[in-house]
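These are the residues of each chain, in order.
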Number of protein chains: 2
Amino acid sequence: MQHALASAALDALIRSNYLFVPFDDAQFAQIRAGMRVLRLDENQRLFDAGQPAERFFLVASGKIKLYRVSLDGNEKVVEIAGPGQTFAEAVMFMQRHDYPVSTSALEPSEVCSFDSRVFLDLLRGSTRLCFSLLGDLSMRLHARLNEIEHLTLQNASFRVVHYLDEQIAQTPDGRHVIDLSTPKNVIASRVSIKPETFSRILRALADEGIIRIDGKHIEVLDPARLRHYGT
Amino acid sequence: MQHALASAALDALIRSNYLFVPFDDAQFAQIRAGMRVLRLDENQRLFDAGQPAERFFLVASGKIKLYRVSLDGNEKVVEIAGPGQTFAEAVMFMQRHDYPVSTSALEPSEVCSFDSRVFLDLLRGSTRLCFSLLGDLSMRLHARLNEIEHLTLQNASFRVVHYLDEQIAQTPDGRHVIDLSTPKNVIASRVSIKPETFSRILRALADEGIIRIDGKHIEVLDPARLRHYGT
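Residues numbered from 1 in each chain as written. Chains lettered and ligands numbered in written order. Predicted model: local features only at pLDDT ≥ 70, side-chain atom pairs only at ≥ 80, totals over all residues. Heavy atoms only, no water.

> What's the story with the packing of aromatic side chains in this structure? I'm lost.
One pair of aromatic rings is described through two measures. These are the centre distance and the angle between the planes. Across all of its chains, the model carries 28 aromatic pairs over all chains by this definition. Between Phe23(B) and Phe119(B), the aromatic rings sit 5.2 Å apart at their centres with planes inclined by 70°, giving edge-to-face as the arrangement. Here Phe23(B), found in the loop between helix H1 (2-15) and helix H2 (25-33), pairs with Phe119(B), found in helix H4 (residues 116-124); they are 96 residues apart in sequence, far enough to count as distant. You'll find Phe23(B) and Phe119(B) in the same group, each marked buried. Members of the aromatic cluster, joined through ring pairs, are Phe131(A), Phe20(B), Phe23(B), Phe28(B), Phe56(B), Phe93(B), Phe114(B) and Phe119(B). Of note, Lys65(A) hangs over the ring of Tyr67(A), and the distance from its end group to the ring centre comes to 5.0 Å. (Phe/Tyr/Trp six-rings, centres within 6.5 Å; stacked < 30°, edge-to-face > 60°. Helix = DSSP H or I, 4+ residues; strand = E, 2+ residues; numbered from the N terminus. Buried < 20%, exposed > 50% of the residue type's maximum accessible area, 1.4 Å probe, protein only. Lys NZ or Arg CZ within 6 Å of the ring centre and 35° of its normal.)

> Sorry, what's going on with the layout of surface pockets here?
Rolling a probe over the atoms, with the probe sized like a water molecule, indicates the empty space that remains. Of the voids in this model, the largest pocket is the one considered here, and its volume is about 1,200 Å³. In terms of residue count, the dominant contributor to the lining of the largest pocket is helix H5 (residues 127-167) of chain A (10 residues). What the second largest pocket holds in volume is close to 850 Å³. Mapped onto the lining of the second largest pocket, the elements with two or more residues apiece are strand S5 (75-81) and H5 of chain A together with helix H5 (127-167) and helix H7 (195-207) of chain B. The leading source of residues in the lining of the second largest pocket is H5(B), at eight residues. Taken together, the residues of the lining of the second largest pocket sort by class into nine nonpolar, eight polar and nine charged. (1 Å grid on protein atoms, 1.4 Å probe; cavity = no way out; pocket = protein on both sides within 12 Å on 5 of 7 lines; lining within 4 Å. Points joined across faces, edges and corners; volume = space filled by probe spheres on them. Nonpolar A, V, L, I, M, F, W, Y, C, P; charged D, E, K, R; others polar.)

> Explain the relation of the copies chain B and chain A to me, please; I cannot follow it from the model alone.
The pair of chain copies shares a relation made of a rotation about an axis and a shift along it. Here chain B sits on chain A after a turn of 180° about the axis and a move of 0.0 Å along it, with an RMSD of 0.1 Å. A rotation of that kind, with that shift, is consistent with a two-fold axis. The share of interface residues of chain B whose copies in chain A are also at the interface is 100%, consistent with both copies meeting through the same surface. (Least-squares fit on C-alpha atoms with pLDDT ≥ 70 in both. Contact = heavy atoms within 4.5 Å.)

In structure tokens form, the structure reads like this:
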């Protein structure tokens, strides 16, 4: 009984991954029939780079580390896959047929493995399925690019606010001012952002009434809000 | 002459986009034959939501805004596409055949438009092309997810460093100390990160010799490096 419930939860987890969305129930049953569930201990390896890539994987629980080992023996972590995430599915679509990375469990983990051939045969038989997957992947890529844009800007805001906070001087009458005599492009380079991003963030801070810009001088109207801007 | 050069540069820009990578020269020439270059003025619209989606686009220069207009007339920007970026290619792979968003130029822009039917017919004729595109999209998605993970952690580091910087007290003998008597999960929630991320960043700061953790007390060994950590 418990097994049946766990199995339903597992199916829900699998079907929520974009790779399985385009398939109808009968097709999914075909893919599901070739599935194996593997239990890995901490540090247990799943496959090594160079092994034939006949299966792809979805993490049911735990964390799987994907890594490369350089010639001097150093390990470079390429990715850490958590519950619901897939790995080694990109190599299935490619001409090469061996895994480009090695994998091991960072903690006790359960991993579902799928037969790549069954999956590809279904796609090969239906352009509609291929296109559906391409459409979903394109949309996901756009969404992630948006997220990166947002995070980068948020990150840049932290840097700028941090910089401004360090430059605040108090005038004898208790106002908080910043002397922006350093050229904007120098400041921008010092905080590792583009000059136009620096200007954009200053404008946003002025729009929100946190600072007032007067040529090379900035009056900080609300130092507390400045310090917490973006958090 | 200038036109020929510009055309070669444009081809290089187009071919560097993932959508065109799988095609050989003859196939690319077919897609290229149906291409139109549109010049848009600032604020000029390209298409509106609901119009039939027969073409997809690549920005050659400038910036194109993709947006939705809500029932109350408010505009929500979905994405801003810059040089080399494509838009409306996801809808080409889907069952729906109208644009889900409206578009206009944020600045004077040049946009290449491509005939979706020509592109799809090539893919339909070759599973290898479909798979090549799927493989490339999967890899790109993995890379972007990694980037998001990295940015999120960097962002979290800024928040934590900022918080710690605010808490520093100086002892009579000139040491810099922080009293961490507030529970970690409360601090983590205050700076909008997960408790385990907070712990991970503290550990990283200790590993780098910037702080020394002693139970609920932190000694800041290097306040200047703390302040600039991650920048």
